[in-house]
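Overview (structure and organization)
Now for the letters of each chain:
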Amino acid sequence: MNIFEQYLDKIKKILLDLKKKGNLILPDSLEGVTAEIPPSKFNSDISTNVAMVLSKINKKSPIDLANTLLEEIKKNDKFVDEISVVKPGFINIKFKPIFWTNFIKEIIQNSNSFGINTRENKKNYLIEFVSANPTGPLHVGHCRGAILGDVIANVLLFNRHKVTKEYYVNDYGNQIINFTKSVYYRIREITFNEPFPKNNDDLYPGDYLSDFAKNIISSNKDMNFKNFDNISEKLTVLAIEEALKLIKKNLKTLGINHDNFISEKKLVANQEVEKVISFLQKNKFVYKGKIKAPVGEDDNNWVEREQLLFRSTDFGDDKDRALQKSDGAWTYFASDVAYHKNKLDRKFDYLINILGADHAGYIKRISSSVEALSNSKGKLICKVSQLVKLIKDKKPFKMSKRKGDYITVDDLISEVGKDATRFIMLNRSSDVELDFDFDNVIEKSKDNPLYYVQYSYARIASIFRHLEMDLKSNIKIDKFDFQYSDDEINILKKISEWPKCIDAASTKLEPHRIPTYLYELASLFHSYWNLGKDNPDKRFINDQKIITDEKLVFLKAISNVVKSGMDIVGVSVPEKM
RNA sequence: GCGCUUGUAGCUCAAUUGGAUAGAGCGCCUGACUUCGGAUCAGGAGGUUGAGGGUUCAAGUCCUUCCAGGCGCACCA
């Protein structure tokens, strides 16, 4: 039920009729023609720019054309109450109240599908997100991208697309060796009482490694930890298992659940890297050559080497990128290309990658590789989530308390909770840096958007509680002959925008639109609620008298949208707060 | 130096995919509690959308040149 789509259809039909009669010239596509909510000052319900879009081709002024169309619309639409042409050439329409009665009837009877875009073709998406190195717990830096990816998946799923959520496990390469060694030293610390090496920058100093060590010792009693080389392979597997166990626990705490965990190590073991590179070689995207030193960096110890390179400059990258290290091992990039080949082979319509701001520079080369692999047909979309600035006592504070010791997801959730973390991390566009104010997110006031939205739901729940009704169950109404007031229609108008909000969030992959929308809806609701103080007619319950079906349906419609939005964001809507 | 990205009210941010007189919250000023939950609401002040140029019927939004901040520019991952 998208009244804007419906209205656009109506207008297009009128346009085609006029064209048939020879009264109008139409371009090949009507793409630029839109139906929108006009700014509130116009006191109107829907507006269209059609006259302005068609004025040039018809050699008529937008105003004249609008006036002609106005007459046609008036003739064809029985719901029009007032219709007018406004300055540059907009046609504004105000509906009769019956329109809104029909609208609320429709969305109450189809509450499960309200908001879903039923017209677009359903696609198959793969979304890769988090993909943090399996060397320790998730920290705050991972959080925003994790939530962004999860909620994008939720929006797409809500819109009935097919979505696979995937985590790429970087369990191959130097850092994993260093990580395993670090775990090994912690094991020696425990079993042989040897101190953990100091001043070794390659090692991971975090305390959590001691827990990994303890777990490994206690579940591998027959293992001999005296010689690293003898056990390094097995220990690598065990250490990564420990790290992944912790990461999965952190993800669960955040309410995030991936479908697949894809191992880089397995890709390498299955020769997928060799295969993809020979594929690229056949198509002349790979060559042996040297990379030039970066400009502007002074006195560096740049060593020019001949190595296997990928021609990412063919696709607009700054320089070609190395695929193989001097010791013969694959670079991270090489196995990531193999991973993306693997993704492409699985025939998704779209591949989405969620990256942190510090990896934005990586986008060009990986998208280049996808173009090379798919003959420019693979649809890779990279979303970057900007940094989160933590604020406490009105002051920013550092993520890293001391070396290797970050504020973890666990720390964050135990302090402010899952709901606040998810809602606030999502409340802003992913393109801008986010201030995460600890004091504010746990505040129970309107300054905290989460509570403000939850409170609107709780208020509605409290009405249903007074009436001894269950807000969650459907209400049955025999007669829908309601008349809603202007205040109520105002909120219904906002509700009519819900499918538009979902549509934008889904097609632009911008889920922050949902918390923003919910806040606006909650705000209208709180205003309306307070009207009851001066005007008993506006109250939902008065002197123990039970409210009308009209108002019950109205409240139900609001709470449905709030609930459905909060479900997508992944936060709770308590009935009591 | 190069690439990506951001710049909107004192502060933090929206802005219906290019629409109309650019909107919210915080802060500031004024008001509403014998409450269907005041964890709320009503009103006021506050703007050359970083600067210039261009495209368009229409630009915060697109192009371009500057300015400023952030991130990144190896065989790390």
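Residues numbered from 1 in each chain as written. Chains lettered and ligands numbered in written order. Predicted model: local features only at pLDDT ≥ 70, side-chain atom pairs only at ≥ 80, totals over all residues. Heavy atoms only, no water.

**Observations regarding the domain arrangement of chain A**
Stated formally: Start and end positions for the domains come from either an automated domain assignment or a database one. Once two parts are joined, some of their accessible surface, as seen by a 1.4 Å probe, is lost; buried area is that loss totalled over both. When a carboxyl oxygen of Asp or Glu is within 4 Å of a side-chain nitrogen of Lys or Arg, the pair counts as a salt bridge.
By the assigned domains, chain A splits into domain 1 (3–95), domain 2 (129–262 + 386–442) and domain 3 (449–569). Taking only C-alpha atoms, the centre of domain 1 and the centre of domain 3 are 31 Å apart. Carbon and sulfur atoms supply 58% of the area buried between domain 1 and domain 3, which totals about 510 Å² over both sides. Joining domain 1 to domain 3, the criterion identifies 1 salt bridge.

**Some remarks on the side chain of Glu128**
This is how the line gets drawn: Only DSSP runs of H or I with at least four residues qualify as helices, and only runs of E with at least two residues qualify as strands; both kinds are numbered from the N terminus onward. Residue contacts are counted whenever heavy atoms from the two residues lie within 4.5 Å of one another.
With respect to the helices and strands, Glu128 occurs in strand S5 (residues 124–128). Setting aside chain neighbours within four positions, we find Glu128 in contact with Glu166, Tyr168, Tyr339, His340, Lys343, Ile352, Asn353 and Ile354.

**A word on the sheet that holds strand S13 (residues 388–392)**
Basically, it comes down to this: Between any two strands, pairing holds if DSSP finds at least two bridges.
Here we have 3 strands laid out as an open sheet, ordered S14-S13-S17, and mixed in their pairing. Two strands in the sheet have a free side with no partner beyond their single neighbour: strand S14 (395–396) and strand S17 (434–437).

**Structural notes on the sheet that holds S5**
Strand-to-strand pairing in sheets goes through backbone hydrogen bonds, with the strands running parallel or antiparallel. Heads up, the rule is: Axis lines are fitted through C-alpha atoms, for helices just across the contact stretch, and the angle between N-to-C directions can take any value from 0 to 180 degrees.
Judged by pairing direction, the sheet is parallel, and its 5 strands sit side by side in the order S7-S6-S5-S11-S12 without closing on themselves. Both edges of this open sheet fall to strand S7 (260–263) and strand S12 (380–385), since each of them pairs with a single strand only. Averaged over all adjacent pairs, the angle separating strand axes in this sheet is 25°, with direction ignored. Examined bridge by bridge, strand S6 (residues 162–169) and S7 share 4 bridges and lie parallel to one another. Bridge assignment links Tyr168 to a residue of S7, and that residue is Ile262. Helix-sheet contacts for helix H5 (residues 140–158) involve S5, S6, strand S11 (350–356) and S12, and the interaxial angle to S11 is about 155°. With respect to the sheet, helix H11 (residues 332–345) is in contact with S5, S6, S7, S11 and S12, its orientation differing from that of S6 by roughly 160°.

**Comments concerning the protein's contact with RNA strand B**
In plain terms, the rule: Consider each residue's heavy atoms; a residue with any of them within 4 Å of a molecule or strand counts as near. Polar contacts, as used here, are pairs of N or O atoms within 3.5 Å; protein pairs need one atom able to donate a hydrogen and one able to accept it. Residues neighboring in sequence count only if both atoms are side-chain atoms.
Near RNA strand B there are 78 residues, and of these Arg305, Arg428, Lys446, Lys508 and Arg539 occur at the shortest range. Close to the protein, within 4 Å, the atoms of RNA strand B are drawn from sugar and phosphate at a rate of 60%. Interatomic distance of 2.6 Å between a side-chain N/O atom of Ser47 and a base nitrogen of RNA strand B. Contact between RNA strand B and Ser527: a phosphate oxygen at 2.6 Å from a side-chain N or O atom of the residue.

**Brief notes about the nonpolar core**
Rule in force here: For this analysis, a nonpolar core means a set of buried residues of the types Ala, Val, Leu, Ile, Met, Phe, Trp, Tyr and Cys, connected via side-chain atoms within 4.5 Å. Categorising residues by exposure relies on relative accessible area from a 1.4 Å probe, with only protein chains included: less than 20% of the type maximum marks a residue as buried, more than 50% marks it as exposed, and the intermediate range marks it as partly exposed.
Counting residues in hydrophobic clusters, the biggest one holds 127 residues, and the most contacted among them are Phe436, Ile495, Trp498 and Ile514. Judged by nonpolar contacts, the second largest core, of 26 residues, contains Phe310, Val337, Ile366 and Leu373.

**Some remarks on the packing of aromatic side chains**
Threshold: In summary, the pairing rule links any two rings of Phe, Tyr or Trp, Trp by its six-membered ring, whose centres are within 6.5 Å, and it sorts them by plane angle into stacked for under 30 degrees, edge-to-face for over 60 and tilted for everything else. Over a ring means this: the NZ of a Lys or the CZ of an Arg is within 6 Å of the ring centre and within 35 degrees of the ring normal.
According to the stated counting rule, one finds 34 aromatic pairs in the structure shown. Seen from their ring centres, Phe79 and Phe99 are 5.7 Å apart, and the 75° between their planes marks the pair as edge-to-face. Pair noted here: Phe79 is in the loop between helix H3 (62–76) and strand S3 (80–86) and Phe99 is in helix H4 (residues 97–109), with a separation of 20 residues, a long-range link. Taking the relative accessible area as the measure of exposure, Phe99 reaches 10% and is therefore buried. The ring centre of Phe261 lies 4.3 Å from the NZ or CZ of Lys248, which sits over that ring.

**Quick look at unusual backbone geometry**
One can expect most non-glycine residues to show negative phi and most peptide bonds to be in trans. The backbone of Lys59 sits at a positive phi, close to 50°, despite the residue not being glycine. Inspection of the secondary structure puts Lys59 in the loop between helix H2 (50–58) and H3. Backbone geometry at Asn193 places phi at a positive 60°, although glycine is not the residue there. On the secondary structure map, Asn193 appears in the loop between helix H6 (174–191) and helix H7 (208–219). Relative accessible area serves as the criterion here: at 68%, Asn193 is assigned to the exposed category.

**Considerations on helix H17 (residues 486–496)**
Burial runs high along H17: 8 of the 11 residues are buried. Residues Glu488, Ile489, Ile491, Leu492, Lys493, Lys494, Ile495 and Ser496 constitute the buried set of H17. Check the buried side of H17 and you find it contacts helix H1 (3–20), H4, helix H18 (498–507), helix H19 (513–534) and helix H20 (549–569).

**Side note on the side chain of Lys94**
When you line up the elements, Lys94 lands in strand S4 (residues 90–95). Setting aside residues up to four positions removed in sequence, Lys94 forms contacts with Asn43, Ser44, Asp45, Phe79, Val80, Asp81 and Glu82.

**Here's the deal with helix H10 (residues 272–282)**
Test applied: The arc under discussion is defined with respect to the helix axis, by the directions toward the C-beta atoms.
Turning to H10, its buried residues number three or more, namely Val273, Val276, Ile277 and Leu280. Looking straight down H10, one finds that the buried residues subtend no more than 100° of arc, so they occupy a single side. Summarising the geometry of H10, the exposed residues directed more than 90 degrees from the buried face are Lys275 and Lys282. Where H10 is buried, its residues meet helix H9 (264–269), strand S8 (286–290), strand S9 (306–310), H11 and helix H12 (363–374). One or two steps after H10, the chain reaches Lys284, where phi turns positive at roughly 65°.

**A few points about the environment of Arg428**
Looking at the secondary structure, you find Arg428 in the loop between helix H14 (418–426) and S17. For Arg428 and Arg513, which are 85 residues apart along the polypeptide, the C-alpha to C-alpha distance reads 8.2 Å. Not counting chain neighbours up to four residues away, the residues in contact with Arg428 comprise Arg144, Leu434 and His512.

**A few points about a negative patch on the surface**
To keep things clear, this is the line we draw: Each patch is built from residues that are more than 30% exposed by relative accessible area and take part in no salt bridge. Like charges join if they lie within 9 Å; nonpolar side chains (Val, Leu, Ile, Met, Phe, Trp, Tyr) join within 5 Å. Accessible areas in this description were obtained via Shrake-Rupley with a 1.4 Å probe; residue shielding takes into account the shown protein chains only. In this tally, Lys and Arg are treated as positive and Asp and Glu as negative; His is ignored, and so are the chain termini. All charge positions are set by atom: Lys at NZ, Arg at CZ, Asp at CG, Glu at CD.
Side chains of Asp393, Asp439, Glu443 and Asp447 sit close together on the surface and give a patch of like negative charge. Structurally, the position occupied by Asp439 is in helix H15 (residues 438–441).

**Considering the confidence of the model for chain A**
The line we're drawing: pLDDT expresses how confident the predictor is about each individual residue, on a scale running from 0 to 100.
Looking at chain A as a whole, the pLDDT averages 91, with 97% of positions reaching at least 70. Mean pLDDT values over the elements of chain A span from 49, in strand S15 (residues 400–402), up to 98, in S6. Across the predicted assembly, pTM comes out at 0.95 and ipTM at 0.94.

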